[in-house]
Structure formats: C-alpha cells, structure tokens
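Analysis of the macromolecular model
Read off the chains here:
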Amino acid sequence: MAISVGSKMPAGTLKVVTADGPKDVPAEEFFKGRKVVLFAVPGAFTPTCSEQHLPGFVSKSGDIKAKGVDEIACMAVNDHFVLKAWSAARGVGDSVTMIADGAATYTKALGLDVDLSTPGLGVRSRRYAMIVDDGKVAALKIEEKPGQIAESGADQILAAL
C-alpha cells in the first residue's frame, strides 16, 4: 500500500549524492524538523524526467524555498553515478539534492514502486511529488499516466505550499 497524506515517512537509508561521493543518511534524520519537497522520477535521462520534471524544480527552486521549504530532493531508482552525471548534465547545482535508490529499497518502502519491465526499465518509481513536514507527509501528488506531469510538477507543489 502506498504512503498517504498524514503518514510518517518510513525508516530507511537515503543515498544522497554529494560532490565527495554518496553519503548514507537515515531517512528519519533527513526529514526530521524540516520541510522537504521530495519528488521522484522513473529514471534519470528519460525524456519526461529530463526535459520537464527535474528542470521545473530546478527553475522554481527559489520560489519553492521562499515558501518555507528547507530542501528539495529528487529520488530515482538509479545508482549514484548515474544521478551525479544527470545532475551535472542538467545543471542542477545545489538547487535540488539528488537521492539514488538503486535497488528501489526506499521506493518500495513508500509503496510507490512500479514494474516497468515491459519497456525494459525494470522496477522503478512512480512519478510523484510530496511535501514532508517534520517527517510526515503533508501533501502527495502521484501521476496516474506515464510520461505526464499533470499533478507532480513544481507548479503543483508551489500551489500546495
């Protein structure tokens, strides 16, 4: 069952991509006492993720943070090497924190995994965005149709803040 509004974020370890390599951060520590916008994409370098979803959060990061958000994070079921390269290729800088979930462990804990084996992608994350306030989900926007950003884009999160 997927996480829902009002739920506490599950325990687990987040692999945060840093300039010095990956850093394991307990999820409880990452979300505790802060307001975090967490969005997820099915995969780095995929068309919708690269051309719309990530760039929207990068370009609107100042507006989002001005609404009291401490951190914006993007999670993908890719390894940290891929996310580091994707971040560099898209000019993310420090506007969005990248989180690698290579084995979909945290994605599965959220109940937001999807089997995309038919198009050759394997188990991935559903496309979503959420606002997490001190470890609890305050808003959750999950896309129902693949390849679309109708609910989980930066503009929709700005409206929800």
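Everything below is about the structure printed above this text.
Throughout what follows, the structure given in this document is the object of discussion. Just so it is clear, the structure is predicted and the values come from calculations on it, not from any experiment.

1. Here we look at the sheet that holds strand β2 (residues 21-26)
Each strand in a sheet pairs with another by means of backbone hydrogen bonds, the pair being arranged parallel or else antiparallel. With mixed pairing, 7 strands are arranged side by side in an open sheet as β2-β1-β5-β4-β3-β8-β9. In the strand order of this sheet, the two ends are held by β2 and β9 (136-142), each with one partner. Sheet twist, expressed as the mean angle between neighbouring strand axes with direction ignored, is 30 degrees. Both strand β1 (residues 13-18) and strand β5 (residues 97-100) contribute to a ladder of 2 bridges, which runs antiparallel. The partner of Lys-15 across the bridge, within β5, is Ala-100. Of the strands in this sheet, β3 (35-41), β4 (71-76), β5 and β8 (128-133) touch helix α2 (residues 47-59), which is tilted by about 175 degrees from β3. The sheet strands contacting helix α4 (residues 80-89) are β1, β2, β3, β4 and β5, and the helix crosses β5 at an angle near 155 degrees.

2. Some points on unusual backbone geometry
The phi angle of most residues is negative, glycine excepted, and most peptide bonds adopt the trans form. Its identity is not glycine, yet Ala-104 carries a phi of approximately 60 degrees, on the positive side. Here Ala-104 shows up in the loop between β5 and α5 (105-110). A positive phi angle, near 50 degrees, is found at Asp-134, a position not held by glycine. Looking at where Asp-134 falls in the secondary structure, it is placed in the loop between β8 and β9. Under the relative-accessibility criterion, Asp-134 is labelled partly exposed at 47%.

3. Digging into α4
Among all positions of α4, only His-80, Leu-83, Trp-86 and Ser-87 are buried. For α4, the angular spread of buried residues about the axis comes to 125 degrees, placing them on one side. Exposed positions of α4 whose direction lies more than 90 degrees from the buried face are Phe-81, Ala-88 and Ala-89. Summarising the contacts, the buried residues of α4 are in contact with β1, β2, β3, α2, β4 and β5. Of the residues flanking the start of α4, the one acting as N-cap is Asp-79, its side-chain oxygen 2.9 Å from the backbone nitrogen of Phe-81. Backbone geometry just downstream of α4 places Gly-91 in the positive-phi region, at approximately 65 degrees.

The rules behind the values
Residues numbered from 1 in each chain as written. Predicted model: local features only at pLDDT ≥ 70, side-chain atom pairs only at ≥ 80, totals over all residues. Heavy atoms only, no water. Pairing = 2+ DSSP bridges. Helix = DSSP H or I, 4+ residues; strand = E, 2+ residues; numbered from the N terminus. Axes fitted to C-alpha atoms, helices over the stretch in contact; angles between N-to-C directions. Contact = heavy atoms within 4.5 Å. Buried < 20%, exposed > 50% of the residue type's maximum accessible area, 1.4 Å probe, protein only. Arc of directions from axis to C-beta. Polar contact = N/O pair within 3.5 Å; in protein donor to acceptor, adjacent residues only side chain to side chain.

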